[in-house]
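Each chain, written out:
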Amino acid sequence: SLNTLRLLLKKDADKAEDYLLKLSDVLRFSTTSALNPAVDIADELKLCLTYLQMQKVRFAEMLHFSVPNEKLFSATGIVPVYSLQTLAENAIKHNAFSTESPLFIYIDYDEVSNTITVRNKLQRKQLLEGSTKIGLTNLAERYRLLGNETISISDNGEEFAVSIKILSVEQHPSY
């Protein structure tokens, strides 16, 4: 993030200032929420979108993201801290993308099942070593500890998706 900011300062002061404000939001979230096992879905969604906006500055037209169901913005409940941000980061980390073949990340919401699905078209990087899946394993373990819940991972060869449940505060008084 600091390297991106340094480059922006040389190229575009307005973008650098916008990026710095977003970075300060991410850092503020980190200092106030990092020790909590769970956060309000609105706060986690805001963190995830701020993170994606920062990445958009970095990758420009190579990265696109959307929240197709606007009802997610008014959803209530809690999720493990950094859950959505981790899923967005994984999509960026594990996919190859360019201006000709951009990465699209969708953060969708199903009100009936009260789940959020982060999905993207698979554009696997040609890595020398495969993924350890530590991020998803940690997220699954945090869900198990927080609410005896599971996450759903889907990879049909063309699209990768992870679904997580929004937990109710009433069922999780430790929050």
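In this text the structure is predicted, and so the values were computed from the model without any measurement.

About the cut-offs
Residues numbered from 1 in each chain as written. Predicted model: local features only at pLDDT ≥ 70, side-chain atom pairs only at ≥ 80, totals over all residues. Heavy atoms only, no water. Pairing = 2+ DSSP bridges. Helix = DSSP H or I, 4+ residues; strand = E, 2+ residues; numbered from the N terminus. Axes fitted to C-alpha atoms, helices over the stretch in contact; angles between N-to-C directions. Contact = heavy atoms within 4.5 Å. Parallel < 35°, antiparallel > 145°, perpendicular 65-115°, else oblique. Left-handed = near helix turned anticlockwise from the far one by under 90°. Nonpolar A, V, L, I, M, F, W, Y, C, P; charged D, E, K, R; others polar. Phe/Tyr/Trp six-rings, centres within 6.5 Å; stacked < 30°, edge-to-face > 60°. Buried < 20%, exposed > 50% of the residue type's maximum accessible area, 1.4 Å probe, protein only.

Draft legend 1. Structural view of the sheet that holds strand β2 (residues 63–66). Spatially, the 5 strands line up as an open sheet ordered β2-β4-β5-β7-β6, and their pairing is mixed. Across the chains shown, the open sheet's two edge strands, defined by having one partner strand only, are β2 and β6 (152–155). Ignoring strand direction, the axes of neighbouring strands in this sheet form an average angle of 15°. Summarising the sheet, β2 and strand β4 (residues 103–110) pair through 4 bridges and their orientation is parallel. When the sheet's bridge partners are listed, His-64 is paired in β4 with Phe-104. The strands touched by helix α3 (residues 41–59) are β2, β4 and β5 (115–121); relative to β2, the strand with the most contacts, the crossing angle is about 160°.

Draft legend 2. The packing of helix α1 (residues 2–11) against helix α2 (residues 13–33), seen in detail. Where α1 contacts α2, the two axes come as close as 7 Å, and the packing angle between them is 155°. Put simply, α1 runs roughly antiparallel to α2. Our pair here, α1 against α2, has a crossing hand that is left-handed. Here Leu-2, Thr-4, Leu-5, Leu-8, Leu-9 and Lys-11 of α1 lie close against α2, whose contacting residues are Ala-13, Lys-15, Ala-16, Tyr-19, Leu-20 and Leu-23. Residue composition of the contact of α1 with α2, grouped by class: 9 nonpolar, 1 polar and 2 charged.

Draft legend 3. Inspection of the environment of Gln-126 at higher detail. By the element assignment, Gln-126 lies in the loop between β5 and α5 (134–147). For the pair Gln-126 and His-94, spaced 32 residues apart in the sequence, the C-alpha separation amounts to 9.2 Å.

Draft legend 4. Region of the structure containing the packing of aromatic side chains. Counted under the stated rule, the structure contains 3 aromatic pairs. Seen in terms of ring centroids, Phe-29 and Tyr-82 are 5.7 Å apart; in terms of plane orientation they differ by 75°. Their pairing is edge-to-face. In this pair, Phe-29 sits in helix α2 while Tyr-82 sits in the loop between β3 (78–80) and α4 (83–94), placing the two residues 53 residues apart along the sequence. Residue classification places Tyr-82 among the partly exposed positions, given a relative accessible area of 22%. Considering the side-chain rings of Phe-104 and Tyr-106, the 6.5 Å spacing of their centres and the 10° angle between planes classify their relative orientation as stacked.

Read these as geometric descriptors, not functional statements.
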